[in-house]
Amino acid sequence: MSSTQGRIKRINGSLVVAEGLSDAKIGDVIHIGSLKLIGEVVRIAGKDVSIQCYEDTSGIRPGEPIFTTELPLVAELGPGLMGGIFDGLEFSETEIWNLVGPFMKRGVKVNPLNRKKKWDFTPKVKKGDKVIGGDIIGSVQETSVIEHRILIPPTIGGKIFDIKKGDYTITDNIATVQMSNGKKKDITMMQVWPVRIPRPYKSRIPSTEPLITGQRVVDSFFPIAKGGAAAIPGGFGTGKTVTLHQLAKWSEAQIIIYIGCGERGNEMADVVTHFPTLKDPRTGKQLIERSIFIANVSNLPVSAREASIYMGVTMGEYFRDQGYDVAIMADSTSRWAEALRDISGRLEEIPAERGYPAYLAERIAEFYERGGTVITLGSKQRVGSITIMGAVSPPGGDFSEPVTSISLRFVGTLWALDTNLAFRRHFPAINWLMSFSRYTDLLVDYWSKFDPDWLKFRDRALALLEEASKIEETARIIGEKALPDEQRLVLLISEMIREGFLVQNAYHEVDAFCEAEKQAKILRLFIEFYEMINPLIKAGVPIDKIREFSSIVEIMRLKERKGLEWIDKAKEKAESEVDELAKQYEILS
Amino acid sequence: MSEKAGLIYKTTREIRGPLLVVEDVKGAAYNELVEIKLSDGTEMIGNVLDTFSDRAIVQVFGRTEGLELGVSVRFTGELIQIPLSDDLIGRVFDGSLRPLDHMPDPLGAERREIFGSVINPAAREPPSEFIQTGVSTIDGMNSLVRGQKLPFFSEAGLSHNIAAAQVARQATVLGKEEDFAVVFCAMGIKHEEYEFFRREFEKTGALERCVMVLNLADDPIIERIVAPRIAQTIAEYLAFDLEMHILTILTDMTNYGEALRSISVAKEEVPTRKGYPGYLYTDLATIYERAGKVKGRKGSVTLMPILTMPGGDITHPIPDLSGYITEGQLIFDRDLSFRGIYPPVNVLPSLSRLMKDGIGSGKTREDHSEVSNQLYMSYAEGVKARGLVRIIGEVGLSERERKYLHFAEEFENRFVNQGVYENRNLERTLGIAWDLLSLLPEDDLIRVREEYTKKYHPNYVKS
Ligand SMILES: Nc1ncnc2c1ncn2[C@@H]1O[C@H](COP(=O)(O)OP(=O)(O)OP(=O)(O)O)[C@@H](O)[C@H]1O
Ligand SMILES: [Mg+2]
């Protein structure tokens, strides 16, 4: 006999063991106890079913009833997502607040998407048109920047039998499809999708375009491609969150999904409060109009963190399928891994390193694999992408720990944060010797729009920085004064690049975002400046004379100036100072 | 204890550290409050950590000496709750909220669970009101705002208590007279340390505005699990029900962590680092994250946990995971302390993440953030030069390096260093900062925009 109802046998934190649920399948959503707390089946052993509960289990007793919904954990997808703030199970936190006040309560259930709101639906196909899964049949202007494209669900195909323009809720029928077997299927604007299963696409294609972020060290030195993946590991306070916020604010993606996974409540409050006041430098529209937030903060039950990552990625895939470039920020993937560890420990699985389950690497790989650039389903060759950026919080700042070392295997870009840079308030504290990007070569085309020699200057700058750090090693032993002036010049230039280029203040009204053209021009100027000075030094001009140049400060301050004209002015100034000094020392140029 | 509901069991089969395995219990609730009575009449509380159809594992928040299989265990059917009212202010309790001040048991119409409920992130108000503490290293470079959690990372024997008391004494929000109280929670600190706080609070009259929850060094270790939660439950009530501004001091969180570890060991859980359980981060978050502000409510909970870093090691799990949760940290440094600097705050690894929201024009002063950034950068440069001196001597330094070295010394002596009773207002703090910056070449002040240099640099300010 099969049964959808059982009884609780044991409760140990988020782990609930029940018996009598003979129909349960792994992944089924379960309602636990009289409060109907939400959980998911994670193990079946004989008659015993183990459930990971997403809410606090305090007060629940063995003997209480338990029900299976016989459905997996799904995301509701449709108009109404934009600007929302959800928990890991897609409950709107704004709705919960309205319903029960500012403190969370257990067992509260709200519909993820508003069922009453009407959206103005405009068809893009007509009666008789042939459609297959993934085709766009119409759209809703969800916000002033996002046209929410309504898709035929992946499993449906046939002829449009009926489709209507007008104001509809997400559960109203907006179209009917006559399937090839003659059956009719009603289409609503809302779809559901199981979060643990990747949404299908036609094929993967290589990523060829940079995701411009307006952050100099990222775009110019360690870029990320649209559809790429990046990890940003760093000890506490090194700038993971601020950097991800910067990327969420300023990157060129069309849709942003920000997953706060096991992090601070005040940070989420900060994003949702400040985003509405920020404007996209490209569209001039509010950034909130293209963003979705998932806020599963650190003091919410640890198990729900596990789901929040999948929830966010599923939403991302849904917009990718509409043909958008989506960027997903996950802060922090370490907290998600800890959730895996927690439930694994309660299930008494054999731990691998540091108590993490042996399947940690597999799960991390699966997560990053859900990113990428694809040709979507549907009859048109539509391209969409998901770029994933994951913060990693290594205990003690030690990058050899499992989550960091595993993540590095699956990402194309590493922004390695450095505690020492953070101590001296060099932000973003991305260490230029430890970081890497596998996408640089792809991006030359993009940059040559601004500067045909971009790659040369970029590599030169990076090489100077590397050389400078070697010289610094020596300087640490013998003192800067004892170095030859040629080396001291390298130190000076690297200091200029660090302060004038790499350091970027997220809270400065101009500096927060730096357009690509400006980046390319400033970068070039540093190298040109070096090449102007080098002959003087070689000819015996003391470095201290160079340090007196007022153009140095001007070059270093270019980042804070609006407009590109300052760059040429600074260059002219430097040239005239060089000429003067050359005359003084009777050097012929 | 008088007549109370709930079933009493005398079926304890095993005692393992602070854990009791009680048999034949039918359906105890997870986390349920349990009362334990020893044969000598001693009473303790505990809660259910793991519950089965026919048995329950209970952790005892009391002394484990004297526990025997014959103890009577009463399952109360409730979660651990405490009574709440404004009468708690001015009172002193032990770690389980039993009075230590010879006054009656606390009463209150409102009862709440000490494990608390989570502030909905959507309902949080981002903290933004600058608190002037009168301490330059805090106000100038690591500003505290209402609703922030800013811990002291210190070492045994340093002056963190004196500094905490100074902050509690001097903290004000400029231009505001509001209802204010301190919730003080001791976990495993020495009597002498507690006496210090009590005297300090008494001197300034703060004692009447203070709730004390005390678990001292010789009190039961496992009680440290409940003490900070009781304190935070009181703080939340005073802040969000009675609309008061609360400063919670939790000291010493390292002792808390050790209590948590000993339970984990008794439960035979797989340890992660240094024997601490994998859930240490989440567990600490359930205490720390109860600080903050709530939209539409007037009050606030500002949290100042104090912890001593074992062996001065900041990568030790307690400071490390605290740092991952709190909104910054102030680092107390043995070296500075040796050199007689008070408060011995090493600003370089210190941080206040919420500073940016509390400072600037209209809040403190327009140049505040940039001056702070400049001090960080220049001091880091000076510390680097000092490192050089150790290797090559001062003669090996360049002119520039020597300037920075001098700057670093002056910075420590004049900016970091101050009196225990010296209450510097922000103008004064920024004034000292500019005096110090004027020791450096003006062109080096790259983190400050020219406009502010022209306005505040001593070279331009007409005296
Ligand atoms: N680009 C930046 N510009 C200015 N300040 C920055 C920048 N990046 C980081 N910071 C400073 O560093 C602080 C810490 O950054 P952040 O909160 O991002 O650290 P984190 O790595 O996320 O730490 P945790 O792991 O504890 O969450 C910020 O509060 C801010 O003061
Ligand atoms: Mg962070």
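Conventions used here
- Residues numbered from 1 in each chain as written.
- Chains lettered and ligands numbered in written order.
- Predicted model: local features only at pLDDT ≥ 70, side-chain atom pairs only at ≥ 80, totals over all residues.
- Heavy atoms only, no water.
- Salt bridge = Lys/Arg side-chain N within 4 Å of Asp/Glu carboxyl O.
- Buried < 20%, exposed > 50% of the residue type's maximum accessible area, 1.4 Å probe, protein only.
- Core = buried A, V, L, I, M, F, W, Y, C linked by side-chain atoms within 4.5 Å.
- Helix = DSSP H or I, 4+ residues; strand = E, 2+ residues; numbered from the N terminus.
- Contact = heavy atoms within 4.5 Å.
- Near = heavy atom within 4 Å.
- Polar contact = N/O pair within 3.5 Å; in protein donor to acceptor, adjacent residues only side chain to side chain.
- Areas by Shrake-Rupley, 256 points an atom, 1.4 Å probe, with all protein chains shown as cover.
- Nonpolar A, V, L, I, M, F, W, Y, C, P; charged D, E, K, R; others polar.
- Domains from an automatic or database assignment.
- Buried area = accessible area lost by both parts, 1.4 Å probe.
- Axes fitted to C-alpha atoms, helices over the stretch in contact; angles between N-to-C directions.
- Parallel < 35°, antiparallel > 145°, perpendicular 65-115°, else oblique.
- Left-handed = near helix turned anticlockwise from the far one by under 90°.

### As for the pattern of salt bridges
All names here are of chain A.
Here's step 1: Enumeration according to the criterion identifies 83 salt bridges over all chains in this entry.
Here's step 2: Note that Glu263 is salt-bridged to Arg264, the shortest N-O span being 3.7 Å.
Here's step 3: Judged by its relative accessible area of 7%, Glu263 falls in the buried class.
Here's step 4: Here the residues in one salt-bridge network are Glu263, Arg264, Glu267, Arg335 and Glu338, joined through shared partners.

### Quick word on the nonpolar core
Side chains of a nonpolar character, in soluble globular proteins, are inclined to be buried together.
Residue and element names in this part refer to chain A.
Here's step 1: Ile137, Phe221, Met389 and Trp415 are the most contacted members of the largest nonpolar core, which has 172 residues in total.
Here's step 2: Top contributing element to this core by residue count: helix α13 (residues 516–538), with 13 residues.
Here's step 3: The contact partners of Trp415, leaving out residues within four places of it in the chain, are Val218, Phe222, Ile224, Ala230, Ala231, Ile232, Pro233, Leu247, Met389, Ile430 and Ser435.

### Some points on the site of ligand 1
Here's step 1: Around ligand 1, a shell composed of 20 residues is seen, among which Lys240(A), Thr241(A), Val242(A), Arg264(A) and Arg353(B) lie nearest.
Here's step 2: Chains contributing residues near ligand 1 are chains A and B.
Here's step 3: Between ligand 1 and Thr238(A), the relevant distance is 3.4 Å, taken from an oxygen atom to a main-chain nitrogen or oxygen of the residue.
Here's step 4: Relative to its unbound accessible surface of 630 Å², ligand 1 loses 93% to contact with the protein.
Here's step 5: The residue inventory of the shell around ligand 1, partitioned by class, reads 8 nonpolar, 8 polar and 4 charged.

### Thoughts on the environment of Asp544(A)
Residue and element names in this part refer to chain A.
Here's step 1: Examined against the element boundaries, Asp544 turns out to sit in helix α14 (residues 543–547).
Here's step 2: Its relative accessible area of 45% is what places Asp544 among the partly exposed residues.
Here's step 3: Sequence separation between Asp544 and Phe221 is 323 residues, and the spatial gap between their C-alpha atoms is 30 Å.

### Brief notes about the domain arrangement of chain B
Residues and elements named next belong to chain B.
Here's step 1: According to the domain assignment, chain B consists of domain 1 (7–79), domain 2 (83–358) and domain 3 (368–462).
Here's step 2: Each of domain 2 and domain 3 was reduced to a C-alpha centroid, and the two centroids are 32 Å apart.
Here's step 3: With both sides pooled, the region where domain 2 packs onto domain 3 buries about 2,100 Å², and carbon together with sulfur makes up 56% of that total.
Here's step 4: Three residues stand out in domain 2 for area buried against domain 3, namely Ser136, Met141 and Leu348, and they jointly supply 27% of the buried area on that side.
Here's step 5: Taken together, the links from domain 2 to domain 3 amount to 1 salt bridge.

### Concerning the side chain of His316(B)
All names here are of chain B.
Here's step 1: Following the sequence through the fold, His316 ends up in the loop between β18 (300–308) and α7 (317–323).
Here's step 2: Classification of His316 by relative accessible area gives buried; the value is 5%.
Here's step 3: In this structure His316 touches Arg273, Lys274, Tyr276 and Pro310, once residues within four positions along its chain are discounted.

### Here we look at the packing of helix α5 (residues 302–321) of chain A against helix α6 (residues 333–346) of chain A
Residues and elements named next belong to chain A.
Here's step 1: Here α5 crosses α6 at 125°, and the two axes come no closer than 8 Å. With respect to each other, α5 and α6 are oriented oblique. In this structure, α5 crosses over α6, and the sense of that crossing is left-handed. Of α6, the residues touching α5 (which contributes Val302, Arg305, Glu306, Ile309 and Tyr310) are Arg335, Trp336, Glu338, Ala339, Leu340 and Asp342.
Here's step 2: Looking at side-chain class alone, the contact of α5 with α6 contains 6 nonpolar, no polar and 5 charged residues.

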